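Listed below, chain by chain, are the residues.
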Amino acid sequence: MENQSFGRCNFCHTPLHHLVTDLGMQPLCEDKIRREDLHKMEPHFPLKVYVCEHCFLVQAPPVVSPEVIYRDYAYYSSYSDTWLEHAKQYVEYVSKRFEIGPKALVVEIASNDGYLLQYFMAKGIPVLGIDPSREIAEYAQRERGIKTEIRFFGYQTAQDLVRQYGQADLIVGNNILAHVPDINDFVKGMKHFLKANGVITMEFPHLERLIAENQFDTIYHEHFSYLSFTAVKNIFDHYDLTLFDVQKLNTHGGSIRIHACHKADQSKPVAEAVRQLLKQEHEAGMDTLSYYDQFNEKVKETKRKILEFLIQAKREGKQVVGYGAPGKGNTLLNYCGVRTDFLDFTVDRNPHKQGNFLPGSHIPIYHPDTIKETRPDYLFILPWNLKEELIHYNSYIREWGGKFVIPIPELTVID
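Notes on the structure follow.

The rules behind these values
Residues numbered from 1 in each chain as written. Predicted model: local features only at pLDDT ≥ 70, side-chain atom pairs only at ≥ 80, totals over all residues. Heavy atoms only, no water. Pairing = 2+ DSSP bridges. Helix = DSSP H or I, 4+ residues; strand = E, 2+ residues; numbered from the N terminus. Contact = heavy atoms within 4.5 Å. Disulfide = S-S within 2.5 Å. Buried < 20%, exposed > 50% of the residue type's maximum accessible area, 1.4 Å probe, protein only. Right-handed = clockwise from strand over helix to strand, strands pointing away. Salt bridge = Lys/Arg side-chain N within 4 Å of Asp/Glu carboxyl O. Expected span 1.5 Å × (residues − 1). Axes fitted to C-alpha atoms, helices over the stretch in contact; angles between N-to-C directions. Parallel < 35°, antiparallel > 145°, perpendicular 65-115°, else oblique. Left-handed = near helix turned anticlockwise from the far one by under 90°. Nonpolar A, V, L, I, M, F, W, Y, C, P; charged D, E, K, R; others polar.

Section: the pairing of strand 16 (residues 403-406)
Right, so step 1: Bridge count between strand 15 (residues 378-381) and strand 16: 3 bridges; the pairing is parallel. The residue bridging F380 from the neighbouring strand is V405, located in strand 16.
Right, so step 2: Across 3 bridges, the pairing between strand 16 and strand 17 (residues 412-414) is antiparallel. Looking across to strand 17, one finds that V405 is bridged to V413.
Right, so step 3: Counted between consecutive antiparallel strands, the loop separating strand 16 from strand 17 contains 5 residues.

Some points on the environment of D237
Right, so step 1: Take D237: it is sitting in helix 8 (residues 229-238).
Right, so step 2: Here the alpha-carbon distance between D237 and H262, two residues 25 residues apart in the chain, equals 9.7 Å.

Details of the environment of I150
Right, so step 1: Structurally, the position occupied by I150 is in the loop between strand 6 (148-149) and helix 5 (155-165).
Right, so step 2: Through-space distance from the C-alpha of I150 to that of E138 is 8.4 Å; in sequence the pair is 12 residues apart.
Right, so step 3: Setting aside residues up to four positions removed in sequence, I150 forms contacts with D131, P132, S133, R134, A137, E138 and Q141.

Here's the deal with the sheet that holds strand 3 (residues 58-59)
Right, so step 1: Pairing is antiparallel in the open sheet, where 4 strands are placed in the order 1-2-3-9. Each end of this open sheet is capped by a strand with a single partner; those strands are strand 1 (18-26) and strand 9 (225-226).

Re the state of the cysteines
Right, so step 1: Counted according to the given criterion, the structure contains 0 disulfides.
Right, so step 2: Free cysteine C52: the closest other cysteine sulfur is in C12, separated by 3.5 Å.
Right, so step 3: The buried category is assigned to C52, whose relative accessible area is 0%.

Here's the deal with the pairing of strand 15
Right, so step 1: Along strand 15, one buried face is formed by Y378 and F380 and the opposite face, lined by L379 and I381, is buried too.
Right, so step 2: The handedness of the strand 15 to strand 16 crossover, carried by helix 13 (residues 387-393), is right-handed.

Side note on the pattern of salt bridges
Right, so step 1: Summed over all chains, the structure comprises 24 salt bridges.
Right, so step 2: The residue K32 makes a salt bridge to E135 at a minimum N-O spacing of 3.4 Å. Pair noted here: K32 is in the loop between strand 1 and strand 2 (45-51) and E135 is in helix 4 (residues 134-144), with a separation of 103 residues, a long-range link.
Right, so step 3: Residue classification places K32 among the buried residues on the basis of a relative accessible area of 15%.
Right, so step 4: Residue E135 is classed as partly exposed on the basis of its relative accessible area, which comes to 31%.
Right, so step 5: Taking the shortest distance from any N to any O, the salt bridge between R144 and D113 comes out at 3.7 Å. Here D113 lies in the loop between strand 4 (106-109) and helix 3 (117-121) and R144 lies in helix 4, a separation of 31 residues in the sequence.

Quick word on helix 10 (residues 295-315)
Right, so step 1: Under the 1.5 Å per step criterion, the end-to-end length of helix 10 is 31 Å for 21 residues, consistent within 8% with the ideal 30 Å.
Right, so step 2: One or two positions beyond helix 10, positive phi appears at G317, with a value near 80°.

Topic: the packing of helix 5 against helix 6 (residues 183-193)
Right, so step 1: Between helix 5 and helix 6, the shortest axis-to-axis distance is 7 Å and the interhelical angle comes to 20°. Taken together, the axes of helix 5 and helix 6 are roughly parallel relative to one another. The handedness of the crossing between helix 5 and helix 6 is right-handed. Along its contact with helix 5, which presents Y155, A158, Q159, L161 and V162, the element helix 6 presents D185, K188, G189, H192 and F193.
Right, so step 2: Among the residues forming the contact of helix 5 with helix 6, the class breakdown is 5 nonpolar, 3 polar and 2 charged.

Take a look at the structure:
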């Protein structure tokens, strides 16, 4: 625990004192590092996470602006088949449950490359995407015909869009709530944008899984908050939005999907799942400071085990290469100090990343075919949340005795 205050809580503005973990100085995890950038200075920023002693919102105080983070954003959602299938199933579920049809307006905040809204469009449902990353938003409009507003979302944006498009029947936000530097402005904006009988659904990694399974690599600068259901309910309550249902998901190492409506909307009774999850979090102690006190030491021990494996493999003359170039992988590699001395290269299906280098570590990113050409001994899976999909697609490495390495929650080698 630190005695020094590091800013104020993103929600309730209480001074932050209680340190959860310190991952050192880190580059921005989704930065594109091109060959011509390798000899330039690369900015690094402190990556520390605190828990608010008043509202128990876990958060990384903003040390770099969203405009800088998203200026050259390279993450395209559509390069994961697992994620596309998840999006497709969600559209079927929500359309049926809330009778979302051709007269509705569906808005997705952080719509990325249109990975989800394309399935609403296929049903003839009007859609609007909102995303601040110009390259990705223009791709969604050009390749998928999805109307996308290129801007950050907040109360002012909501006011502008309501005047232009009217209010939304459904607001979707998948893995965006954690990315918001001003969570009050964001939720206030959704409140304004939502029709009187409309629904908000948001998905985000569950803090309980992050702590229990030592998912420290999901901490990076674009994640300003690490969310428990209890903390999110307090924030939505503050803006007269009722969380009337919640579902547990397997995505991103264990997520939850919240369902919200206006407090004045009495047509959506609060499900038992809401009461159960609040009770579960309370019994686990997520509303106490002591719950977070052992996490930092667990993170350090995971680093030691990863380095022990890599050192041993290299001393035995083994080749270890990475699979994937996700944000979480960059947090892990930079915290552990892993560079090309341990990981020869990594591969990624996203052509926008191929030919570039990972931020900080400067590990080169190649096409997945490079695995067949080099026949490595170990394939180190950086997006471990997609391990089943990636082990299936790369099962051919077993032909030469290759093995898979999963770093989180504990380093595991799979034959």
